[in-house]
Amino acid sequence: MSDPAVQVSNLTFGFGGPSPILKDLSFSVPRGGRCLLVGANGAGKSTLLTILAGKRLVKNSGVRVIGKNPFDDGAQNITYLGTEWAHNPIVRRDVPVSRLLRSLGAQRYPDRCAELLEIMDVDPDWHMHEVSDGQRRRVQIVLGLMEPWELLLLDEVTVDLDVLVRAELLSFLRKETETRNATILYATHIFDGLGGWPTHVAHIVDGVVDVVRDLTSPSGFPELTEAKRTRMEQAGAVGASVLDNSPLLMVVEKWLRDDSSRIRKEGRRNQEGKVMTKWEILSENMKEYGDKFYNYWN
Ligand SMILES: Nc1ncnc2c1ncn2[C@@H]1O[C@H](COP(=O)(O)OP(=O)(O)OP(=O)(O)O)[C@@H](O)[C@H]1O
């Protein structure tokens, strides 16, 4: 068996206040896992994710991520996506999405970039100062996921996505773990649409990982089995799968899927009159920028 993707042993961390935020915390996530990190506001989820991303120095650290200490050894192959990016003034300037993508090397990952543009329904012609918060978030996700990663740390970045885009993103992420053995740790408060998605659920309470449940084992999550049984009884035993997600979610997701295919038919057309893919639009736009490289992130 290979090393876990994330291995944390007896981690204690504080911001200098009277008591630590993370207290002797231990847990692990196997490679290829999709682990949800759940817990109340202030439980320590973001703090833990930023430590795993190598953004905070921890003393005497028992933190190993992809076999390394992420702070000392650098966070190669680790991608962290948090909510703070949307407040960065750069992403509110009058800059076209195509330029941002080019500045982060979209041409190095044509297939991934093409797929992500479609999944996240990002229009390369958008200008960042004119987009909505949810659209800005979608651009962030394309930029963040374009380069392949071994561990993805997601801190509640899906809150402002519409249900269709969120569903598409979740299935892309599942494929990444299944085909590349990549690993995901995802802190969220929104569980609708996540039925059947995680392989593990870690519950953090007041700076301590209380339990990690394994959904890959039939008896690995007894509370969930019990909750499904109760709902089945209440619903008249209509079948476990329909109980994974709410009926309202299923209706809204179908509406948005229909909206999306209608809007796509009205998209930008090439000289032959055929609707262009997002990647074709991006490729056209990138040509305009020539070889001049401008790094917006410096
Ligand atoms: N920079 C900081 N300085 C001091 N205390 C902080 C700092 N950042 C977070 N904290 C404290 O650490 C605790 C854990 O915060 P954290 O953001 O990790 O929680 P969380 O589980 O991600 O919460 P939420 O669900 O609200 O996002 C909170 O009590 C918070 O007040």
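Taking an unreviewed UniProt entry as the reference, the chain is identified by name as ABC transporter domain-containing protein belonging to Spizellomyces punctatus.

1. Re the site of the ligand
Near the ligand the following residues occur: F15, I21, A40, N41, G42, A43, G44, K45, S46, T47 and H189. With respect to the ligand, the backbone of G42 contributes an N or O atom lying 2.8 Å from an oxygen atom. Between the ligand and the protein, one listed contact pairs an oxygen atom with a backbone N or O atom of A43 at 3.1 Å. Here the ligand has 640 Å² of accessible area as a free molecule, and 56% of this is covered by the chains.

2. As for the packing of helix α3 (residues 110-119) against helix α5 (residues 163-180)
Two elements in contact, α3 and α5, have axes separated by 9 Å at closest approach and are oriented at 150°. With respect to each other, α3 and α5 are oriented roughly antiparallel. Two secondary-structure elements touch here, α3 through R112, E115, L116 and I119 and α5 through V165, E168, L169, F172, K175, E176 and R180. Partitioning the contact of α3 with α5 into residue classes produces 5 nonpolar, no polar and 6 charged.

3. What to know about the sheet that holds strand β2 (residues 22-29)
Strand order in this open sheet of 3 strands is β2-β1-β4, and the pairing throughout is antiparallel. Single-partner strands in this sheet number two, and they are β2 and β4 (63-65). Within the sheet, the average angular offset between the axes of one strand and its neighbour, ignoring direction, is 15°. Across 5 bridges, strand β1 (residues 6-13) lies against β2 in antiparallel orientation. The residue of β2 that forms the bridge with L11 is L25. Of the strands in this sheet, β1, β2 and β4 are in contact with helix α1 (residues 45-52), which crosses β1 at around 120°.

4. Describing helix α8 (residues 278-288)
Looking only at α8, the buried set comprises K278, W279, I281, L282, N285 and M286. Take α8 and look down its axis: the buried residues cluster within an arc of 155°, on one side only.

5. Considerations on the nonpolar core
Ranked by internal contacts, the top residues of the largest apolar core, which has 47 residues, are L101, M120, L145 and L173. Among the elements of the structure, β3 (34-38), α2 (97-103), α3, α4 (133-145), β6 (151-155), α5, β7 (183-187) and α8 are those that each provide at least two residues to this core. In this view, M120 contacts R138, I141, V142, L161, V165 and L169; residues no more than four positions away in its chain are not counted. Within the second largest apolar cluster, 30 residues are counted, among which are V8, I51, V65 and I78.

6. As for the sheet that holds strand β9 (residues 208-214)
The strand order across the open sheet built from 6 strands is β5-β6-β7-β3-β8-β9, with neighbouring strands paired in mixed fashion. What marks the edges here is a single partner per strand, and that holds for β5 (78-81) and β9. Recorded for the sheet is a direction-independent mean angle of 15° between the axes of neighbouring strands. Here β5 pairs with β6 via 4 bridges, running parallel. Bridging from a neighbouring strand, L81 pairs with L154 of β6. In the packing of α4 onto the sheet, contacts are made with β5 and β6, and the angle to β5 comes to roughly 170°.

7. Concerning α3
Those residues of α3 that sit buried are R112, C113, A114, L116, L117 and I119. Each element contacted by the buried residues of α3 is listed here: α2, α4, α5 and α8. Downstream of α3 by a residue or two, D121 has a phi angle that is positive, lying close to 50°.

About the thresholds
- Residues numbered from 1 in each chain as written.
- Predicted model: local features only at pLDDT ≥ 70, side-chain atom pairs only at ≥ 80, totals over all residues.
- Heavy atoms only, no water.
- Near = heavy atom within 4 Å.
- Polar contact = N/O pair within 3.5 Å; in protein donor to acceptor, adjacent residues only side chain to side chain.
- Areas by Shrake-Rupley, 256 points an atom, 1.4 Å probe, with all protein chains shown as cover.
- Axes fitted to C-alpha atoms, helices over the stretch in contact; angles between N-to-C directions.
- Helix = DSSP H or I, 4+ residues; strand = E, 2+ residues; numbered from the N terminus.
- Parallel < 35°, antiparallel > 145°, perpendicular 65-115°, else oblique.
- Contact = heavy atoms within 4.5 Å.
- Nonpolar A, V, L, I, M, F, W, Y, C, P; charged D, E, K, R; others polar.
- Pairing = 2+ DSSP bridges.
- Buried < 20%, exposed > 50% of the residue type's maximum accessible area, 1.4 Å probe, protein only.
- Arc of directions from axis to C-beta.
- Core = buried A, V, L, I, M, F, W, Y, C linked by side-chain atoms within 4.5 Å.

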